[in-house]
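Remarks on the overall topology
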Amino acid sequence: MSFKSETDTEVLANLMEYIYLKGKVKAEMAVRLALSRVVGAYGLVIICTDEPDKIIAARKGSPLVIGVGNEEYFLASDATPIVEYTKSVIYLNDDDVAIITKNELTLKTVRNDPQTPVVQQLDIDIGEIDKGGFAHYMLKEIFEQPRSILDTFRGRVAPDFSSIRLGGLFNVLPKLIDARRIIIIGCGTSWHAGLLGEYLFEDLARIPVEVEYASEFRYRHPIINKDDVIIAISQSGETADTLAAIQLAKEAGALVLGICNVVGSSIPRETDAGVYTHAGPEIGVASTKAFTAQVTVLAMMAILIGRKKNILTEETYLKYIKYLTEVPKKIEDILKMDDDFKKIATLYKEANNFLYLGRGYFFPVALEGALKLKEISYIHAEGYPAAEMKHGPIALIDHNMPVVVIAAKDTSYEKIVSNIQEVKARDGIVIAVVTEGDKVIKELADHVLEIPDTDTVFTPLLAVIPLQLLSYHIAVMRGCHVDQPRNLAKSVTVE
Ligand code: AGP
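Residues numbered from 1 in each chain as written. Predicted model: local features only at pLDDT ≥ 70, side-chain atom pairs only at ≥ 80, totals over all residues. Heavy atoms only, no water.

1. Observations concerning the packing of aromatic side chains
Here the structure, examined in full by the defined rule, presents six aromatic pairs. Ring geometry for Phe134 and Phe143: centres 5.6 Å apart, planes at 35°, overall tilted. A relative accessible area of 27% means that Phe143 is categorised as partly exposed. Ring geometry for Tyr320 against Phe458: centres 6.2 Å apart, planes inclined by 65°, an arrangement best described as edge-to-face. Here Tyr320 is found in helix 12 (residues 314–335), whereas its partner Phe458 is found in the loop between strand 19 (447–451) and helix 17 (459–477), with 138 residues between them in sequence. Per residue, the accessibility class of Tyr320 equals that of Phe458, and both read buried. The residue whose ring lies beneath Lys319 is Tyr320, and the NZ or CZ to ring-centre distance is 4.9 Å. Sitting over the ring of Tyr378, Arg486 keeps its end group 3.7 Å from the ring centre. (Phe/Tyr/Trp six-rings, centres within 6.5 Å; stacked < 30°, edge-to-face > 60°. Buried < 20%, exposed > 50% of the residue type's maximum accessible area, 1.4 Å probe, protein only. Helix = DSSP H or I, 4+ residues; strand = E, 2+ residues; numbered from the N terminus. Lys NZ or Arg CZ within 6 Å of the ring centre and 35° of its normal.)

2. Topic: the sheet that holds strand 12 (residues 228–234)
Pairing in this open sheet of five strands is parallel, and the strands run 11-10-12-13-14 from one edge to the other. Looking at strand neighbours, the two that pair on one side only are strand 11 (209–213) and strand 14 (273–276), the edges of this open sheet. Within the sheet, the average angular offset between the axes of one strand and its neighbour, ignoring direction, is 20°. In this structure, strand 10 (residues 181–186) lies alongside strand 12, joined through five bridges in parallel fashion. Along strand 12, the bridge assignment pairs Ile184 with Ile231. Across the sheet, helix 7 (residues 188–205) is in contact with strand 10, strand 11 and strand 12; its angle to strand 11 comes to roughly 175°. (Pairing = 2+ DSSP bridges. Axes fitted to C-alpha atoms, helices over the stretch in contact; angles between N-to-C directions. Contact = heavy atoms within 4.5 Å.)

3. Remarks on the site of the ligand
Neighbouring residues of the ligand: 15 residues in total, closest Ser190, Ser234, Ser236, Thr239 and Glu375. Side-chain polar atom of Ser236 to an oxygen atom of the ligand: 2.7 Å apart, as the coordinates give it. In the environment of the ligand, an oxygen atom lies 2.9 Å from a nitrogen or oxygen atom belonging to the side chain of Lys372. Relative to its unbound accessible surface of 410 Å², the ligand loses 91% to contact with the protein. (Near = heavy atom within 4 Å. Polar contact = N/O pair within 3.5 Å; in protein donor to acceptor, adjacent residues only side chain to side chain. Areas by Shrake-Rupley, 256 points an atom, 1.4 Å probe, with all protein chains shown as cover.)

4. Structural notes on the pattern of salt bridges
Applying the stated criterion across every chain yields a total of 26 salt bridges. For Asp333, the salt bridge goes to Lys336, with nearest N and O atoms at 3.4 Å. Through salt bridges with shared partners, a single ionic network connects Arg59, Asp94, Arg147, Asp151 and Arg154. (Salt bridge = Lys/Arg side-chain N within 4 Å of Asp/Glu carboxyl O.)

5. Structural notes on the nonpolar core
Grouped together as the largest cluster of nonpolar side chains are 97 residues, with contacts concentrated most on Ile182, Phe201, Ile231, Phe354 and Tyr356. Not counting residues up to four positions away in its chain, the partners in contact with Phe201 are Ile182, Ile184, Arg206, Ile207, Val209, Ile231, Leu298, Met301, Ala302 and Ile305. Core analysis: the next-biggest nonpolar cluster, separate from the first, contains 20 residues, Ile394, Tyr413, Ile416 and Val430 among them. (Core = buried A, V, L, I, M, F, W, Y, C linked by side-chain atoms within 4.5 Å.)

6. Describing the pairing of strand 10
Among the six residues of strand 10, six are classified as buried, and the element is accordingly described as predominantly covered. The alternating pattern of strand 10 places Arg181, Ile183 and Ile185 on one face and Ile182, Ile184 and Gly186 on the opposite face, and all of these are buried. Sheet topology places strand 10 next to strand 11; five bridges connect them, and they run parallel. Residue Gly186 lies in a different strand from strand 11, and its bridge partner there is Tyr213.

7. Here's the deal with helix 5 (residues 145–153)
Helical geometry note: an α-helix holds 3.6 residues per turn, so side chains three or four residues apart project in the same direction. Judged by how many residues are buried, helix 5 sits mostly within the fold: seven of nine residues are covered. Listed as buried for helix 5 are Gln145, Pro146, Ser148, Ile149, Asp151, Thr152 and Phe153. Looking at the buried positions of helix 5, the neighbouring elements they touch are helix 4 (137–143), helix 11 (289–308), helix 12 and helix 17. Where helix 5 terminates, the next one or two residues include Gly155, which has phi positive at roughly 75°.

So, in structure tokens, the structure goes:
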């Protein structure tokens, strides 16, 4: 049986149909047999035309909730759209399969082991359910990052951590490996993720990369070669400038890939192939978990391609995979220090200007930290390469200027230490993100935000967390509408 498809979901549907027809089995068994053979995350609702009175639901890694009404059932990826109809819900667990008919719900596992459905009563109203008990979506999404990053690499890192496999790129991998140039396009936070992509691909896969603001790229009559690979990054998958830049690249005949969070949005439909970030719905306008998910995908791509090109040895490849799988726990450890970040926010919530500095992999983190602060607290904040200080920004430094420095351990550590000394010599305030246990910067800075040690490649995923929380707490203390900041939309679908 052969068929053409562009999405893994269609492949799954075809596999189920193949088993159903070949095996002459019931739809439910065909579903279970198919699911027993696939690797990866899914949240599925299946209907078979031969059995129209039955709905089959299954999940692994992607949330699926069943609402239990008086005479009906509801299915959704979270409780938000259900709670207005019923507060009785069943959260499916990984490997659960639910068979729902008009009057009955049966729960079992993919392996056909019977399960007892646990009906929970939602004891909060729709206004809370969205936020899972957190004060704001943004805070919930910051705290979701250990799980969302796990979901991003689940099914893509082999269970024995021996390899990375990105199914969405399977057909285009040879072109990516041979790419003479990668052009990354995006806007805002997605552009910052793209900048990290430049460091990752050039460092680990030795492929030249250009990172472009989609809004500039679409109008500046860029040179796009047929052997270029374009990577469009977008949480919403609907950003107008990014969509327009994609059209330009397609007209030039380049291979266009997407890294998106919203399944089935426009950009995944417009691109030749891509990778979903699997971060789950991101409601807060300020992007947090989508950013770290985007960077996680870019890191997996760079490591995979670096290995395929033999630029990374097998030993280094396995080392990076191990570091990647340790990120969620390290973020959990950082989140436990939230009260410390809140204390610092209290001290500087009235500042009028912030400067964010970083070098190398940490420069895009400085940009992202500055964007987080300005877009939700309305405080002017700029991100800069730390070495650029002496070319202008140092004139700004005084005792009113908090300077956030990403100063985790890496090859340019000595240089960032001297940048901190330059700021202190001019009576500036230094808030430094450091590798836990750092004693040197502790003596120099006004405040240190400690993050666990990891490889430089993955430090941005850790260093951005304190910056997200610092911005969040300052914005809340200033009475700003954190989830819907003034003048901003979650998806900029207009120019
Ligand atoms: C980030 O916090 C902002 N909300 C904004 O810069 C956003 O990243 C930008 O509009 C791009 O959106 P997209 O990722 O959905 O394309």
